[in-house]
Amino acid sequence: MTLAEAIFLTVITASTPLLLAAIGELVVERSGVLNLGVEGMMIMGAASGVAVAIVTGSSVLGVVAAIGAGMAMAALFALLTLGLATNQVAAGLSLTIFGLGLSGVVGAPFVGMQRAGIAKIEVPFLSELPLIGPILFRQDPFVYGSVALVAGVAWFLWRTKAGLVLRACGENPVSAHALGYPVLRIRFAAVLFGGACAGLAGAYLSLVLTPFWTAGMTAGRGWIALAIVVFASWLPWRAMLGAYLFGGLIILQLHAQTAGVRVPSQLLAALPYLLTIVALTVIMALRRGGGQVAPQALGRPFVPDR
Amino acid sequence: MRLTLDRRDGAGMAGLFLSPLLAVALTLASSIVVFWLLGQDPWRALNVYFLMPVSDFWGVQEVAVKATPLVLIAVGLALCFRSNNWNIGAEGQFLIGAICGGGIAVWTQGWGGPWVLPLMLVAGMAGGALYALIPAVLKTRLRVNEILVSLMLVYVAELLLDWLVRGPWRDPFGFNMPQTITFAPEATLPLLFDGGRMNLGTVITLVVVVVATVVMARTLKGFEIKLVGEAPRAARFAGFDDKKLTLTVFAVSGALAGLAGVMEAAGTVRQLLPGFSPGYGFTAIIVAFLGRLNPVGCLIAGVFIAITFIGGENAQIILRLPRDMTLVFQGMLLFYILACDTLILYRPRLVPRRAPA
């Protein structure tokens with residue numbers, strides 16, 4: 001394997017969890033709900049995934065548990081923000097705090113237990129191609145799944161009536177409600193989808209990327225996923241671009257550290273966070289005067305009247 | 001069946017006091033269930049968490065030591081949240097405050113005088129305020145999301161502190177441990193009592209609570225903060241500049257978080273080291289909400305949360321419960337307080353579903 005191949009491969013594995021979490025949150029925000037609990041849902045996915053995988057010895061069950069944990073967390077958030085119309089920012093923050101704590105409790109018995117990662121899928125013959133073979137045709141199922149998910153979400157949001165209704169709930173819930181659409185139920189479904197995606201992203205971290213559990217292993221990835229959604233102007237394919245850009249930065253930083261670049265390692269480690277700020281600033285500067293791109297009703301609770 | 005919410009009339013004052021009390025009660029009830037699930041004796045666990053920390057004067061002082069940064073940060077955050085500005089990077093501003101103040105302590109080691117401590121406090125406040133102004137300026141100029149920027153800066157501040165104490169500021173005689181020198185006496189806050197750790201920082205915090213209460217209740221600025229948060233359109237008609245207010249509340253909350261940081265460094269820890277904060281900046285968010293975004297409320301809430309902080313440490317030793325248990329309770333408490341707020345403002349009702357039209 002050449003160095004270029006190795007770098008591309010690691011970029012893809014670093015980007016996939018960001019992409020999975022971002023595409024889920026994108027759907028949530030398109031429905032008008034701002035869930036800042038991505039980090040909490042993700043780390044619960046990581047902890048439950050690794051716990052169930054170790055106990056049952058099955059990676060598949062681990063992934064299922066991770067998705068379930070993400071959805072359970074999302075349901076808790078939905079109960080508060082949709083059922084009780086609480087402040088979404090505060091509820092999202094508490095979801096993150098709660099998730100960081102609970103994942104530590106769930107994961108505590110499994111600290112230091114290592115297991116084999118999930119095998120990659122090799123497409124016969126095609127994976128033998130130089131350069132693009134290993135990159136495109138020798139990946140783990142999550143990578144293929146994440147790309148399919150982006151395509152599916154893009155198709156759903158812009159090519160189906162249900163997608164149109166979901167976006168309407170995010171732009172103008174009052175009108176959607178007046179037309180007879182169950183705004184809260186649609187938002188609930190979107191929030192659950194976001195939770196499932198965040199749980200899956202967590203499973204990728206603890207079952208594939210580093211196949212063991214450490215407390216706080218998401219290290220802000222959930223927050224970076226939220227930034228990617230803004231960066232992508234709430235567009236699925238652009239979210240994929242954003243996720244790969246951020247993944248690339250993280251890997252670049254790691255390679256610079258191992259190559260012994262003469263700057264403090266802490267500065268390199270801070271780069272993804274600093275560049276998130278720079279990226280958000282640049283995108284907002286470019287968008288200046290270009291009107292509002294965020295869903296109009298994003299973050300505003302909706303209480304239907306009868 | 002489906003759930004609907006009807007607005008209640010005249011629930012204002014009851015909600016103010018009832019909702020946090022109800023939330024605390026529900027958290028206690030839930031924690032009993034959690035302890036039972038974990039195979040602990042719930043009464044013993046509750047005793048360890050909530051009563052042991054305040055069972056003697058030394059313990060009470062420890063509670064004050066923990067409550068001081070929480071209350072100070074939460075008072076600043078309450079101003080922000082009241083006016084719909086979401087500064088959630090107080091943890092970063094806290095660390096930058098500690099770094100700015102601590103840097104002076106390291107720099108003046110050996111030749112400082114009584115002027116060192118005031119200079120440290122001012123530097124800590126200035127550092128925290130400037131750090132908080134980064135998201136505020138980006139928000140007012142370019143409408144960049146302040147939540148994400150302030151949060152990303154927390155990670156940057158943690159890494160900066162890590163670099164400083166492992167690199168340029170490392171104690172040359174510290175056996176290569178990642179920490180600075182222990183601060184000289186003129187760079188430390190005086191203790192209030194012998195045999196405890198409570199220091200002047202607690203008094204300063206109480207003064208800040210009083211000042212913030214007066215500002216919020218009796219001045220035009222306080223009115224402006226509340227109005228911009230509750231009725232932004234009306235505030236604009238009244239001629240209040242919401243951008244200027246954003247900069248002001250971010251700077252004030254950053255300064256208070258920075259002050260908390262430098263007082264933690266100069267009063268309690270007396271040196272800088274990585275992992276210097278047990279997440280005070282994040283916990284203060286819960287304190288602010290539990291305290292109804294009101295300075296005196298923050299004081300009460302801060303003391304309560306500080307007790308659970310120490311209770312969590314005790315539980316780790318005595319009951320061998322994971323330390324993250326404290327975070328679980330804190331998250332749960334915030335869930336309950338948000339839910340109780342709604343239940344007091346609105347009357348939830350289950351109504352039969354209408355036949356589809």
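Fair warning: this is a prediction, and the values are worked out from it, not measured in the lab.

Colleague: I'm lost on the side chain of Glu39 of chain A in this one. Help?
Modeller: All names here are of chain A. Mapping Glu39 onto the fold places it in helix H2 (residues 38-56). There is no salt bridge for the buried Glu39, and the closest opposite charge comes from Arg221, which lies 7.6 Å off by N-O distance. Within the structure, the side chain of Glu39 is placed 3.5 Å from the backbone nitrogen of Trp223, a separation counted as a polar contact.

Colleague: What should I look at first to understand the interface of chain A and chain B in this one?
Modeller: Where interface size is quoted, it is often the accessible area lost as the parts come together. Taken residue by residue, the interface counts 47 residues in chain A and 43 residues in chain B. For the pairing of chain A and chain B, the buried interface totals around 4,000 Å² over both sides, and the portion due to carbon and sulfur atoms is 79%. The interface formed by chain A and chain B holds three residue pairs in polar contact (both at pLDDT 80 or more) in total. Among the elements of the structure, helix H3 (59-83), helix H4 (88-107), helix H10 (221-231) and helix H12 (265-287) of chain A are those that each provide at least two residues to the side of chain A that touches chain B. Sort the elements by how many residues they give to the side of chain A that touches chain B and H4 of chain A lands first, with 13 residues. Here the residues of the side of chain A that touches chain B are counted per class, giving 31 nonpolar, twelve polar and four charged.

Colleague: Quick question: what am I supposed to make of the UniProt feature "transmembrane region" (unreviewed entry) in chain A here?
Modeller: Residue and element names in this part refer to chain A. Mapped onto the present numbering, the UniProt feature "transmembrane region" (unreviewed entry) falls on residues 6-28, 33-54, 60-82, 89-111, 141-158, 188-207, 213-234 and 267-286. The span residues 89-111 shows a helical share of 83% and a strand share of 0%, and its end C-alpha atoms are spaced 32 Å apart. With 100% helix and 0% strand, residues 188-207 has end C-alpha atoms that lie 28 Å from one another.

Colleague: Could you clarify how one ought to interpret the pattern of salt bridges in this entry?
Modeller: Oppositely charged side chains can form a pair if their charged atoms are brought close together. Residue and element names in this part refer to chain B. Using the criterion set out here, one finds eight salt bridges over all chains in the structure. Of the charged contacts in the structure, one is a salt bridge between Arg166 and Asp162, with a shortest N-O distance of 3.0 Å. Of this pair, Arg166 and Asp162 are both found in helix H6 (residues 146-166), four residues apart, which corresponds to roughly one turn of the helix.

Colleague: What am I meant to see in unusual backbone geometry here?
Modeller: Keep in mind that most residues, glycine aside, have a negative phi and that most peptide bonds are trans. Of note in the backbone geometry, Trp234 of chain A takes a positive phi value of approximately 60 degrees without being a glycine. Here Trp234 of chain A shows up in the loop between H10 and helix H11 (236-258).

Colleague: Teacher, can you tell me more about the nonpolar core here?
Modeller: Nonpolar side chains tend to gather and get buried jointly when the protein is soluble and globular. Core analysis: the biggest nonpolar cluster contains 199 residues, and Trp223 of chain A together with Ile73, Phe81 and Met120 of chain B have the highest contact counts within it. By residue number, the principal contributor to this core is helix H9 (residues 183-209) of chain A, which donates 14 residues. Each of two domains, domain 1 (1-40 + 325-357) and domain 2 (67-320) of chain B, supplies a minimum of three residues to this core. Setting aside residues no more than four positions away along its own chain, Ile73 of chain B makes contact with Ala90, Phe94, Ala257, Ala260, Tyr280, Gly281 and Ala284 of chain B.

Colleague: Would you mind going over the packing of aromatic side chains with me for this structure?
Modeller: When we look at a pair of aromatic rings, we describe it by the centre distance and by the angle of the planes. Under the criterion given, the structure shown has 19 aromatic pairs over all chains. Judged by centre distance (5.2 Å) and plane angle (70 degrees), the ring pair of Phe98 of chain A and Phe335 of chain B falls under edge-to-face. Remark: Phe335 of chain B occurs in helix H13 (residues 325-345) and Phe98 of chain A occurs in helix H4; the pair is interchain, linking two chains. The buried category is assigned to Phe98 of chain A, whose relative accessible area is 10%.

Cut-offs used in this document
Residues numbered from 1 in each chain as written. Chains lettered and ligands numbered in written order. Predicted model: local features only at pLDDT ≥ 70, side-chain atom pairs only at ≥ 80, totals over all residues. Heavy atoms only, no water. Helix = DSSP H or I, 4+ residues; strand = E, 2+ residues; numbered from the N terminus. Buried < 20%, exposed > 50% of the residue type's maximum accessible area, 1.4 Å probe, protein only. Lys, Arg positive; Asp, Glu negative; His and termini not counted. Salt bridge = Lys/Arg side-chain N within 4 Å of Asp/Glu carboxyl O. Polar contact = N/O pair within 3.5 Å; in protein donor to acceptor, adjacent residues only side chain to side chain. Contact = heavy atoms within 4.5 Å. Buried area = accessible area lost by both parts, 1.4 Å probe. Nonpolar A, V, L, I, M, F, W, Y, C, P; charged D, E, K, R; others polar. UniProt positions renumbered as here; feature names shortened; annotations may be inferred. Core = buried A, V, L, I, M, F, W, Y, C linked by side-chain atoms within 4.5 Å. Domains from an automatic or database assignment. Phe/Tyr/Trp six-rings, centres within 6.5 Å; stacked < 30°, edge-to-face > 60°.

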